[in-house]
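# Observations on the model geometry
For reference, the chains in residue letters:
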Amino acid sequence: MTEYSPSNASCPVAAKANAAVKGIHPYQPGKPIDELQREYHLTRISKLASNENPLGSSHKATQAIQNALKDMGRYPDGHGFYLKRGLSEHLDQPEECIATGNGSNELLELVARVFAGPGDEVIYSQHAFAVYAISTQAVGADAVEVPARNWGHDLNAMAAAVTDQTRLIYLANPNNPTGTRFGKREWETFMSKIPPEVVVVLDEAYFEYAQSRDDAFNGLHYLGRYPNLIVTRTFSKAYGLAALRVGYAVAHPEIIHLINRLREPFNVNHMAQVAATAALKDPVFVQKTIETNHQGMQQLESFLKEHQLSFIPSSANFICVDFGEKAQAMNEALLKEGVIVRPLAQTGELAPFLRVSIGTFSENRHFMQALMKILRNPA
Ligand SMILES: *Cc1c(COP(=O)(O)O)cnc(C)c1O
């Protein structure tokens, strides 16, 4: 160690940081597999913590990256020509209505930066995706968190929370972390009540998993009628490209134009662009993903019912299981068995829950066997 190390010095400028930034609660990611391996020297680890695709990704995507390695020294196409063309065909939407992002996370943040600032209100639901609160706080806007109903969005209450100061509303359907969903009728009633000057972001990160459910709807079908609507989706979940960070927003071209002014010129890297473009051409992989998820969800639900563990019914690729006061201890015990799940909160209404991503059949079985072992031999 050198005598001078930045970590030994004090840092008076930190206290002078933007007040909004100092107020942010940092996003807590799922524990990486390597980290658990280092800590416990386990041989078998099942990561069911970050709603990733247990099948990996499409071979078409990995092949596309291999073919693109020779281009690594060059900047990517800042307009994402091929990806946008692919998305345009896939979604049946004009290219000028599409913006791509470094994950849909980036787009969720950019939307806040485009539309909200100090003195403005941003509405989102209690127990919704953590990024909405972070994005709101980062731009210094006032967060209006509407109490959840049955762990999901209370759309009537959210519409009633709109004031003259409201600039933006974030909705996740299905929602993360709770897995809840609202249907077409509720959605249409909600949209009919929202003033046209208020931006509605419909985050459909888990769209593919819920398509076949009762009363399901596709947010894209409402863009023509609502120029204040932004639909976001991602390649991180059903397309299995979480590491690459690619997502997109679909909206009125003027909104897309505003987002494009603010985004970094090369926000989506070249590997991500080629892989996502190729992944769109592999609907069989996505279909297999949806079927695997459906079967895994049934496998877990019947196990939980059999063992009288309660859970929040989910329309996504994860499920929240209620362990009451034992949730933190259960999380630790599962880690020792090589199973990484996601605790949702230290305190409050979500503290009793662990969120478990649906894995492959054998990963799900690993979780269930670990759970049985822990329940039989409580520490
Ligand atoms: C995972 C997730 C996203 C986006 O993830 P990216 O990897 O940034 O595309 C967005 N919204 C919700 C609700 C999510 O769970």
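Above this text sits the structure in question.
A brief structural summary. Nothing here was measured: the structure is a model prediction, and the numbers come from that model.

### A short note on the overall build of the protein chain
Counting its regular elements, the protein chain contains 14 helices and 13 strands. Whereas a compact globule of 379 residues would reach a radius of gyration of roughly 21 Å, the protein chain reaches 21 Å, a difference of no more than 12%. For the protein chain, the spread of C-alpha atoms along the principal axes amounts to about 60 × 55 × 55 Å. Out of the 379 residues belonging to the protein chain, those deemed buried represent 52%. The contacts in the protein chain between residues at least 6 apart in sequence include a share of 73% that link residues at least 24 apart. Counting only carbon and sulfur atoms, one obtains 52% of the accessible surface of the protein chain, whose full area is about 18,800 Å². A distance of 4 Å separates the average location of the 35 positive side-chain charges in the protein chain from that of its 39 negative side-chain charges.

### Looking at the packing of helix 13 (residues 327-336) against helix 14 (residues 361-376)
Axes are the key here: two packed helices are described by the angle between their axes and the distance separating the axes. Orientation of helix 13 relative to helix 14, taken along the N-to-C sense of each, is 120°, at an axis distance of 10 Å. For the element pair helix 13 / helix 14, the angle class is oblique. Like other packed secondary-structure pairs, helix 13 and helix 14 cross with a definite hand, here right-handed. Contacts between helix 13 and helix 14 involve M330, A333 and L334 on the former and, on the latter, F367, A370, L371, I374 and L375. Classifying every residue of the contact of helix 13 with helix 14 by side-chain character gives 8 nonpolar, no polar and no charged.

### Considerations on the pairing of strand 3 (residues 121-125)
The buried count for strand 3 comes to 5 of 5 residues, which makes it a mostly enclosed element. Across the two faces of strand 3 the burial is the same, with E121, I123 and S125 and V122 and Y124 all buried. Both strand 3 and strand 4 (residues 142-146) contribute to a ladder of 5 bridges, which runs parallel. Bridge assignment links V122 to a residue of strand 4, and that residue is A143. Following the backbone out of strand 3, through helix 6 (residues 130-138) and into the adjacent parallel strand 4, one traces a crossover that is right-handed. Inspection of the sheet shows strand 3 paired to strand 5 (residues 166-172) by 3 bridges, in the parallel sense. Within strand 5, the position partnered with V122 by the bridge is L168.

### With respect to the sheet that holds strand 10 (residues 318-322)
One open sheet holds the 4 strands; their spatial order is 9-10-13-12, and the pairing between them is antiparallel. Both outer strands of the open sheet, strand 9 (311-312) and strand 12 (342-343), are each paired with one neighbouring strand and no more. As paired elements, strand 9 and strand 10 share 2 bridges and run antiparallel to each other. Bridge assignment links F311 to a residue of strand 10, and that residue is V321.

### Quick look at the site of the ligand
Residues in close proximity to the ligand include G103, S104, N105, F129, N176, D203, A205, Y206, T234, S236, K237 and R245, which together make up its full environment. At a separation of 2.6 Å, an oxygen atom of the ligand approaches a polar side-chain atom of Y206. Here R245 contributes a side-chain N or O atom positioned 2.7 Å from an oxygen atom of the ligand. Protein chains bury 94% of the 390 Å² of accessible surface belonging to the ligand in isolation. It is helix 5 (residues 103-115) that contributes the most residues to the shell around the ligand, 3 residues altogether. In terms of residue class, the shell around the ligand is made up of 3 nonpolar, 6 polar and 3 charged.

### Notes on the environment of Y248
When you line up the elements, Y248 lands in strand 8 (residues 247-250). For Y248, a relative accessible area of 4% puts it in the buried group. When the C-alpha atoms of Y248 and A64 are compared, they prove to be 20 Å apart, with 184 residues separating the residues in sequence. Discounting chain neighbours no more than four positions away, the residues touching Y248 are L87, L91, I98, A99, T100, L107, V231, T232, R233 and F235.

### Here we look at the pairing of strand 8
Alternating residues of strand 8 divide into G247 and A249 and Y248 and V250, and every residue in both groups is buried. Across 4 bridges, the pairing between strand 2 (residues 98-101) and strand 8 is antiparallel. Note that in strand 8 the partner of A99 across the bridge is A249. The pairing of strand 7 (residues 229-234) with strand 8 spans 4 bridges and is antiparallel. By the bridge assignment, T232 is partnered in strand 8 with A249.

### Looking at the packing of aromatic side chains
Considering all chains together, one arrives at 16 aromatic pairs under this definition. When the centroid spacing of 5.7 Å and the interplanar angle of 90° are considered together, the rings of W187 and Y222 count as edge-to-face. Of this pair, W187 sits in helix 8 (residues 184-193) while Y222 sits in the loop between helix 9 (207-210) and strand 7, and the two are 35 residues apart along the sequence. Each of the two residues, W187 as well as Y222, counts as buried. Three or more aromatic residues link up through ring pairs in this structure, and these residues are F182, W187, F190, F217 and Y222. The positively charged end of R355 is found above the aromatic ring belonging to F318, 5.5 Å away from the centroid.

### Looking at helix 12 (residues 283-306)
If you check helix 12, its first and last C-alpha atoms are 35 Å apart, about what 24 residues at 1.5 Å a residue would give, namely 34 Å. Where helix 12 terminates, the next one or two residues include Q308, which has phi positive at roughly 50°.

Rules and cut-offs
Throughout this description, residue numbers start from 1 for each chain and increase along the sequence as written. Owing to the predicted nature of the model, reporting of local features is limited to residues with pLDDT of at least 70; listing and counting of side-chain atom pairs is limited to 80 or more, with chain, interface and lining totals taken over all residues. Water and hydrogen atoms play no part in the side-chain values, which are based on all heavy atoms of the structure. Runs of E in the DSSP output that reach at least two residues are strands. Runs of H or I that reach at least four are helices, and both are numbered from the N terminus. We take the radius of gyration over the C-alpha atoms and set the globule estimate at 2.2 Å times the residue count to the 0.38 power. Residue burial is assigned from relative accessible area. The probe radius is 1.4 Å, only protein chains are included, and a residue is buried under 20% of its type maximum, exposed over 50%, and partly exposed in between. We call two residues in contact whenever any of their non-hydrogen atoms come within 4.5 Å of each other. To be clear on the numbers: accessible area is Shrake-Rupley with a 1.4 Å probe, and residue cover counts the displayed protein chains and nothing else. As used throughout, the charge tally considers Lys and Arg to be positive and Asp and Glu to be negative, leaving His and the chain termini uncounted. We put the charge of a Lys on NZ, of an Arg on CZ, of an Asp on CG and of a Glu on CD. Here, axes are lines fitted to C-alpha atoms. For helices the fit covers the stretch in contact, and angles between N-to-C directions go from 0 to 180 degrees. Here roughly perpendicular refers to angles of 65 to 115 degrees, roughly parallel to angles under 35, roughly antiparallel to angles over 145, and oblique to all remaining angles. When the near helix sits turned anticlockwise from the far one by under a right angle, the crossing is termed left-handed; a clockwise turn instead gives a right-handed crossing. For this classification, the nonpolar set comprises Ala, Val, Leu, Ile, Met, Phe, Trp, Tyr, Cys and Pro, the charged set comprises Asp, Glu, Lys and Arg, and every other residue, Gly included, is treated as polar. A strand pair is defined by DSSP finding two or more bridges across the two strands. When the strands point away from the viewer and the connection leading from the first strand across the helix to the second strand turns clockwise, the crossover is called right-handed. A cutoff of 4 Å decides nearness: a residue is near a molecule or strand if any of its heavy atoms lies inside that distance of it. Pairs of N or O atoms are called polar contacts if they sit within 3.5 Å, as long as, within protein, a hydrogen donor faces a hydrogen acceptor (for residues adjacent in sequence, only side-chain-to-side-chain pairs). Ring pairs are drawn from Phe, Tyr and Trp, using the six-membered ring of Trp, whenever the two centres fall within 6.5 Å, and their geometry is named by plane angle: stacked under 30 degrees, edge-to-face over 60, tilted for the rest. Placement of a positive charge over a ring is assigned whenever Lys NZ or Arg CZ falls within 6 Å of the ring centre and within 35 degrees of the normal to the ring plane. Given a helix with a known number of residues, its expected span is that number minus one, times 1.5 Å.

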